[in-house]
There are 2 protein chains.
Amino acid sequence: MAEGSDDIQALIALIARLPGLGPRSARRIVLHLIRKRNGQMTQLAQLLDSVANASRECLTCGNITDRDICAICSDPARANGEICVVQDVADLWALERGHAFRGRYHVLGGTLSALDEIGPEDLGIPGLIDRIASEGVREVILALNATVDGQTTAHYIADALESSEVVVTGLAQGVPIGGELDYLDDGTISAALRARRSL
Amino acid sequence: MAEGSDDIQALIALIARLPGLGPRSARRIVLHLIRKRNGQMTQLAQLLDSVANASRECLTCGNITDRDICAICSDPARANGEICVVQDVADLWALERGHAFRGRYHVLGGTLSALDEIGPEDLGIPGLIDRIASEGVREVILALNATVDGQTTAHYIADALESSEVVVTGLAQGVPIGGELDYLDDGTISAALRARRSL
Ligand SMILES: [Zn+2]
Ligand SMILES: [Zn+2]
C-alpha cells in the first residue's frame, strides 16, 4: 500500500472520479488536505455533510436549495411574468452571476433524448405548462445550450406553448454554435439575454 | 445569492482553494456532488472526516500513516540497510508506486532555506543521523528534487554524514534539471534510482 492507509487510498480514488480530476490531482489534493487536517479538511468534511443533508430541488423550479421553495421562487420581486428555462442548475447559476435576468427559472435537468429515453415528463415540461397559467407568465425564455439536443428541446417546448398566450423567446446572439452556457463569460451571457428573439 | 445556500457558497469557496482548482471547477464539482448527495457526497464527507482524524506523521520517518509507526517502518523486510531521503510524502508515494526501492524512508518535509528560516532541525536531519546508528543503515539515498534548494539540502546532508561509515548516494540519471519527483513517470523514477551514484 503506497498511500498511507486504506482510507487514504479510498479517499484518493473517490476524489479522482470527480469531474476534471484524476489520480495525480487527487493525490495532490489529499496530501494538501492532510497537511491541513485540523482546519480546512475537517471544515470540508462538515460542509459536505451539511450540504448533502440540506440540499434538495426546489419543488417549483428545480433549482438546488435548502428549503422546499428556493429563494428565487419565494421572492415576490422575481414574479415579473418571465420564466427562463435552463437545462441545468449550472446554467441557472451562470445566469444569476450575470445579473441580467430578474424573473424566475425552470430547470429541465436535461434535454429530450430518444436515445436515452428522456421524454417531456422526465424534464418537468408539464409542470412548466402548469406554472405558465398559475403564475401569470407572459414570456418564456428558452436559455438552452446551442447543441442539437438543446435546440430540439427548445423547439419541442415552443411547439407545446404555441396555443397559449405566452410569448416564447430564445437567447439570440452571443451563444456560439455547439457552445454550453456554463462556459460563457458573464458579459456574453448578458448580451445574449438582452438580444433574445421571438421563436 | 446565486448558488443555492450560504453553505453551498462556502463549500464552493473552500474547494476552489484546493491545489489545481478554481471557482469554475469548484462549481462543477459541487453540482456533481449535490446530484450524488446520497452516495458519493456523503461517502466523501465521511472519508475526509476519518482521514482527518486518523492521519498523523510516522514518528520514525515522517510518512503519513494512521498509526504511530507507519507500515514501511513496521515491516522488518524493509530494514535492508538503506534509507531514502525525500522532501515530501508525495515523493515517497511516487517512489513506492515505482516499486524499485525496498528500504525505508526519511521525509524531510521541505528543504533548507535561509530565506524561510528553515534549518536542519526543522527537517529532522538530527533524527536521520540518529536512525543511521540505531537502524544499522549502510546507505543513505538522497532522492531530492533537482532544484537549487533540493541540491543545497542534499549537499548539506552529504557533508553532515561524511564522518560516518555510511555510503551517501543520490539519484543519477533521469531527473531533469529543475524537475520535481512527483511529476515524473514511474519508469523514469525507477531508472534514476537504479543508476544512483556516489556523492
Ligand atoms: Zn425555485
Ligand atoms: Zn515510517
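Look above for the structure.
Everything in this summary refers to the structure shown in the same document.

What counts and what doesn't
Residues numbered from 1 in each chain as written. Chains lettered and ligands numbered in written order. Predicted model: local features only at pLDDT ≥ 70, side-chain atom pairs only at ≥ 80, totals over all residues. Heavy atoms only, no water. Axes fitted to C-alpha atoms, helices over the stretch in contact; angles between N-to-C directions. Helix = DSSP H or I, 4+ residues; strand = E, 2+ residues; numbered from the N terminus. Left-handed = near helix turned anticlockwise from the far one by under 90°. Contact = heavy atoms within 4.5 Å. Nonpolar A, V, L, I, M, F, W, Y, C, P; charged D, E, K, R; others polar. Buried < 20%, exposed > 50% of the residue type's maximum accessible area, 1.4 Å probe, protein only. Donors = N, O, S within 2.8 Å, 3.2 Å for Na, K, Ca; no water. Tetrahedral: all angles 85-135°; square planar, octahedral: opposite > 155°, others 65-115°. Pairing = 2+ DSSP bridges. Right-handed = clockwise from strand over helix to strand, strands pointing away.

## Re the packing of helix H3 (residues 40-54) of chain A against helix H1 (residues 6-16) of chain B
Link 1 in the chain: Where H3 of chain A meets H1 of chain B, the closest approach of the two axes is 10 Å, and the angle between their N-to-C directions is 145°. For the element pair H3 of chain A and H1 of chain B, the recorded crossing hand is left-handed. Here H3 of chain A contributes Gln40, Gln43, Leu44, Leu47, Leu48, Ser50 and Val51 of chain A to the contact with H1 of chain B, which in turn contributes Asp7, Ile8, Ala10, Leu11, Leu14 and Ile15 of chain B.
Link 2 in the chain: In terms of residue class, the contact of H3 of chain A with H1 of chain B is built from nine nonpolar, three polar and one charged.

## Brief notes about unusual backbone geometry
Residue and element names in this part refer to chain A.
Link 1 in the chain: One non-glycine residue, His99, lies in positive phi territory at about 55°.
Link 2 in the chain: Residue position: His99 is located in the loop between helix H5 (89-98) and strand E4 (104-107).
Link 3 in the chain: For His99, a relative accessible area of 64% gives the class exposed.

## Notes on the environment of Val167 of chain B
All names here are of chain B.
Link 1 in the chain: As for its placement among the helices and strands, Val167 is situated in strand E6 (residues 167-170).
Link 2 in the chain: Considering only alpha carbons, one finds Val167 and Arg35, 132 residues apart in sequence, at a separation of 56 Å.
Link 3 in the chain: Not counting the four nearest positions on each side in its chain, Val167 is found in contact with Arg138, Glu139 and Val140.

## Thoughts on the coordination of the zinc ion (ligand 1)
When a metal holds four donors in a tetrahedron, each ideal angle between them is 109.5 degrees; when it holds six in an octahedron, the ideal angles are 90 or 180 degrees.
All names here are of chain A.
Link 1 in the chain: Surrounding the zinc ion (ligand 1) are the protein donor atoms Cys58 (SG), Cys61 (SG), Cys70 (SG) and Cys73 (SG), at 2.3 to 2.4 Å.
Link 2 in the chain: What the four donor atoms of the zinc ion (ligand 1) show is an angle range of 104 to 115° at the metal, which sorts the shape as tetrahedral.
Link 3 in the chain: Spacing between the donor residues of the zinc ion (ligand 1) along the chain follows C-x2-C-x8-C-x2-C. No difference in accessibility class separates Cys70 from Cys73, as the two residues are buried.

## Here's the deal with the pairing of strand E3 (residues 82-86) of chain A
Residue and element names in this part refer to chain A.
Link 1 in the chain: Judged by how many residues are buried, E3 sits mostly within the fold: five of five residues are covered.
Link 2 in the chain: Here E3 shows a buried face lined by Glu82, Cys84 and Val86 and a second buried face lined by Ile83 and Val85.
Link 3 in the chain: Judged from the four bridges that link them, E3 and strand E5 (residues 139-142) form a sheet pairing that is parallel. Paired with Glu82 across the strands is Glu139, a residue of E5.
Link 4 in the chain: With respect to chirality, the unit in which E3 leads through H5 into the neighbouring parallel E4 is right-handed.

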